Amino acid sequence: QVQLVESGGGLVRAGGSLRLSCTASGRGFSSFAMGWFRQAPGKEREFVAAISWSSSDTLYADSVKGRCAISRDNDKKTVYLEMSSLKFGDTAVYYCAADEVGWPLYSTDRSYEHWGQGTQVTVSS
């Protein structure tokens, strides 16, 4: 069984930066594609970024492109999301997710089999 635990969320001022982490336990992390999604209050869950098992490919939502960077460390079974120039609209619960198929990268949440519990990111003035 794969378990994902996010960390690194918190309160940050607009324009600031934050790094989220997601650590996996269980089998198979190094072969999974990993993604980050977010859900703001009253809104649907939306895709943020994804990374292939080898880190050779990444995919970003237009809303975060140029402000976010996804990376992973397979030895540590951890995927990261670096966010900068944060905006009020980035306030959401951020979830990491694992896709066992691994390729291609997907932005649809139904493609991911395993999910973490989420970490809250709040951007304030």
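A brief structural summary. (Residues numbered from 1 in each chain as written. Predicted model: local features only at pLDDT ≥ 70, side-chain atom pairs only at ≥ 80, totals over all residues. Heavy atoms only, no water.)

Some words on the overall build of the protein chain
- Within the protein chain, the regular secondary structure consists of zero helices and 11 strands.
- Starting at the N terminus, the α and β elements of the protein chain follow one another as β-β-β-β-β-β-β-β-β-β-β.
- Computed over its C-alpha atoms, the radius of gyration of the protein chain comes to 13 Å, within 12% of the 14 Å expected for a compact globule of 125 residues.
- Reported as C-alpha extents along the three principal axes, the dimensions of the protein chain are approximately 40 × 25 × 25 Å.
- A total of 125 residues make up the protein chain; the buried ones form 45% of that total.
- For the protein chain, long-range pairs separated by at least 24 residues make up 60% of all intrachain contacts whose partners lie at least 6 apart in sequence.
- With an accessible surface of roughly 6400 Å², the protein chain has 47% of that area assigned to carbon and sulfur atoms.
- The average position of the 13 basic charges and that of the 13 acidic charges among the side chains of the protein chain differ by 5 Å. (Helix = DSSP H or I, 4+ residues; strand = E, 2+ residues; numbered from the N terminus. Rg over C-alpha atoms; globule rule 2.2 N^0.38 Å. Buried < 20%, exposed > 50% of the residue type's maximum accessible area, 1.4 Å probe, protein only. Contact = heavy atoms within 4.5 Å. Areas by Shrake-Rupley, 256 points an atom, 1.4 Å probe, with all protein chains shown as cover. Lys, Arg positive; Asp, Glu negative; His and termini not counted. Charge placed at Lys NZ, Arg CZ, Asp CG, Glu CD.)

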